[in-house]
Amino acid sequence: MTVAVEEPHIPAPAPAVLGLAEALDSSEQLRQRRFELLPMRGAVYTDVQGRGPGPSTSPEGLADLITSISTVGVLHPVLVEELPGPDNQVQRRLVIGERRYRACRWGAVNQPDNPRFSKLPAVICPGPISDEDRRTWQLVENLAREDLQPGELAKALLLERSAILRAQLDNAGIEVDEDVQRLEDPVARFEALEKLRGSDANLAAPWNLVLRRLGLQITPRRAREVVAAFRTLPREMSADMDQHQVALAARTNLARLSRGRREAAAELWQAVKRLGRTDLLSAATRAQATHPDMPADTAASAAVAAHEQANAERAATLSRPVAPAGQHNAGLDAVSPAEAPAASEADGTDVAQPQEHADSPFEMPGEPDAAGPAAQDHLRADEPLEPAEPVDPSVAAAALDALRALNTQLTEGRTLHRFDAGSLRMLLTELQRHTSAGAERTAAA
């Protein structure tokens, strides 16, 4: 008797992982790679990578990663290139794995007795690796993370689009000056290649191809919006906003304000930073857009005052006694106009101003899709979303009970371990993002 054996289901690799595998396979240098366990002290040095030092690489931001490595070690090796050094010595420079490297370095200093922090698993390849390849590999790997910021995403999109456009020009026999390829600014590089392409639509780099090669599950319209905001705002400001985790909607609002008023937009960003309320950038932008002569500091202070007033009104509304069954309680059903926008800020959701036209006002020049305008994405803001499956009530209840108990202990003066505090902050940030998205879906329904 023949027994049929069912083959185990093996999940398909994530698109971003496939993209990284293709990048590894296409490099002659990486084909010569080898694996080593490097000592933590003096073996590797690092330059600032695509994501510079900030909240994501601070000890608090690395808390979960440090805890994981201390328990199971580094499961994903870093990538290192070997370079010739002085006196015929070999130097090793980190290419990919900034957060893993920093977490291991922190552990080697602060937990020297833990053997999992004594060695750094590394894939080593001969260098030097070109600046273009280094940036591409760093960004492709970063795309596998959920917390990639809009500025980083825009750089990845533009660099990949430039690479596709460069290949198209080469195939068409159009010479590209090496000075173009050495341009550090991704916008300047793409625009220089676009000038060489001219109006030839057959040589364009369509968004669908860019997104497919990077393995990104976003629409072409979303990609255009990310790039448009990045292109309009100063590069330093965009990087600063990445560090403060400013949402795309807030950047789009500020970019809209900066048209013809670039200095005013920069002053407004500095004003909300001085108050420590970058989360209220959208509200401050709306205030200054309504009153163009309003100073930046006044607009930022007005946003904070409106936010605090709305919170007080909401707290007063929620503290009112519940009406008896069958009796209408108007106070709990009505939301004041002043409360609504500030409530969205309190929930961490930046509200973009409605556009009169589906196209972005900051569209990059010369961006036709290969399939023509009819195939481009034009999502409506009021397009119905597919209903999501509700969260298990028992899970939500257990989480709420645990958070209430934790808050009670902290209120009583108890302390939380710094690793647990860092992990809790990261989880709360994720929960804030998910609950904000859930509120948007509820409103749309």
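All values reported here derive from a predicted model rather than from experimental measurement. (Residues numbered from 1 in each chain as written. Predicted model: local features only at pLDDT ≥ 70, side-chain atom pairs only at ≥ 80, totals over all residues. Heavy atoms only, no water.)

> Outline the overall build of the chain, supporting the account with residue identities and numerical values.
Helices and strands together make up the secondary structure of the chain, namely 18 helices and four strands. Taking as baseline every contact in the chain between residues at least 6 positions apart, the subset at least 24 positions apart corresponds to 74%. Accessible surface for the chain amounts to roughly 25,500 Å². Of this, 55% is attributable to carbon and sulfur atoms. (Helix = DSSP H or I, 4+ residues; strand = E, 2+ residues; numbered from the N terminus. Contact = heavy atoms within 4.5 Å. Areas by Shrake-Rupley, 256 points an atom, 1.4 Å probe, with all protein chains shown as cover.)

> I'd like a description of the pattern of salt bridges, backed by residues and values.
Side chains bearing opposite charge may pair, as long as their charged atoms lie close to each other. All told, the structure shown has 18 salt bridges when counted by the stated rule. Notably, a salt bridge pairs Arg34 with Glu82, separated by 2.5 Å at the nearest N-O pair. Of the two residues, Arg34 is situated in strand β1 (residues 34-39) and Glu82 in strand β2 (residues 78-84); the sequence distance between them amounts to 48 residues. Under the relative-accessibility criterion, Glu82 is labelled buried at 18%. Where Lys273 meets Asp240, a salt bridge forms, and the shortest distance between an N and an O atom there is 2.5 Å. One end of the pair, Lys273, is in helix α12 (residues 262-274); the other, Asp240, is in helix α10 (residues 235-243), with 33 residues separating them in the sequence. When its relative accessible area of 28% is taken as the criterion, Lys273 is described as partly exposed. What emerges from the salt-bridge pattern is a single network uniting Arg34, Glu36, Glu82 and Arg92. (Salt bridge = Lys/Arg side-chain N within 4 Å of Asp/Glu carboxyl O. Buried < 20%, exposed > 50% of the residue type's maximum accessible area, 1.4 Å probe, protein only.)

> So, the packing of helix α8 (residues 207-214) against helix α9 (residues 220-232): which residues are in play, and what are the values?
In a pair of packed helices, the angle between the axes and the distance between the axes together describe the arrangement. Remark: α8 packs on α9, axes separated minimally by 9 Å, with the N-to-C direction vectors making an angle of 90°. The orientation of α8 with respect to α9, classified from their angle, is roughly perpendicular. In this structure, α8 contributes Trp207, Asn208 and Leu211 to the contact, and α9 contributes Pro220, Ala223, Arg224 and Val227. Split into classes, the residues belonging to the contact of α8 with α9 amount to five nonpolar, one polar and one charged. (Axes fitted to C-alpha atoms, helices over the stretch in contact; angles between N-to-C directions. Parallel < 35°, antiparallel > 145°, perpendicular 65-115°, else oblique. Nonpolar A, V, L, I, M, F, W, Y, C, P; charged D, E, K, R; others polar.)

> Talk me through the sheet that holds strand β4 (residues 119-126); I want residue IDs and the actual numbers.
Taken in spatial order, the four strands line up as β1-β4-β2-β3 in an open sheet, and their pairing is mixed. Looking along the sheet, the strands with just one partner apiece sit at the ends: β1 and β3 (90-96). Strand-to-strand twist in this sheet, taken as the mean axis angle between neighbours without regard to direction, amounts to 45°. Bridge count between β2 and β4: five bridges; the pairing is parallel. Counterpart to Glu82 in the pairing with β4 is Pro126. Contacting β2, β3 and β4, helix α3 (residues 98-110) crosses the sheet at an angle of about 120° to β3. (Pairing = 2+ DSSP bridges.)

> Describe in detail the environment of His244, supporting the description with residues and values.
Tracing the backbone through its elements, the reader meets His244 in the loop between α10 and α11 (248-257). Since its relative accessible area comes to 35%, His244 is described here as partly exposed. Here the alpha-carbon distance between His244 and Lys273, two residues 29 residues apart in the chain, equals 9.2 Å. Not counting the four nearest positions on each side in its chain, His244 is found in contact with Trp269, Lys273 and Thr278.

> Go over the packing of aromatic side chains, please, and point to the residues and values.
Counted under the stated rule, the structure contains zero aromatic pairs. Here the basic side chain of Arg161 rests over the ring of Trp207, its NZ or CZ set 4.3 Å away from the ring centre. Against the face of Phe230 rests Arg235, its NZ or CZ located 5.0 Å from the ring centre. (Phe/Tyr/Trp six-rings, centres within 6.5 Å; stacked < 30°, edge-to-face > 60°. Lys NZ or Arg CZ within 6 Å of the ring centre and 35° of its normal.)

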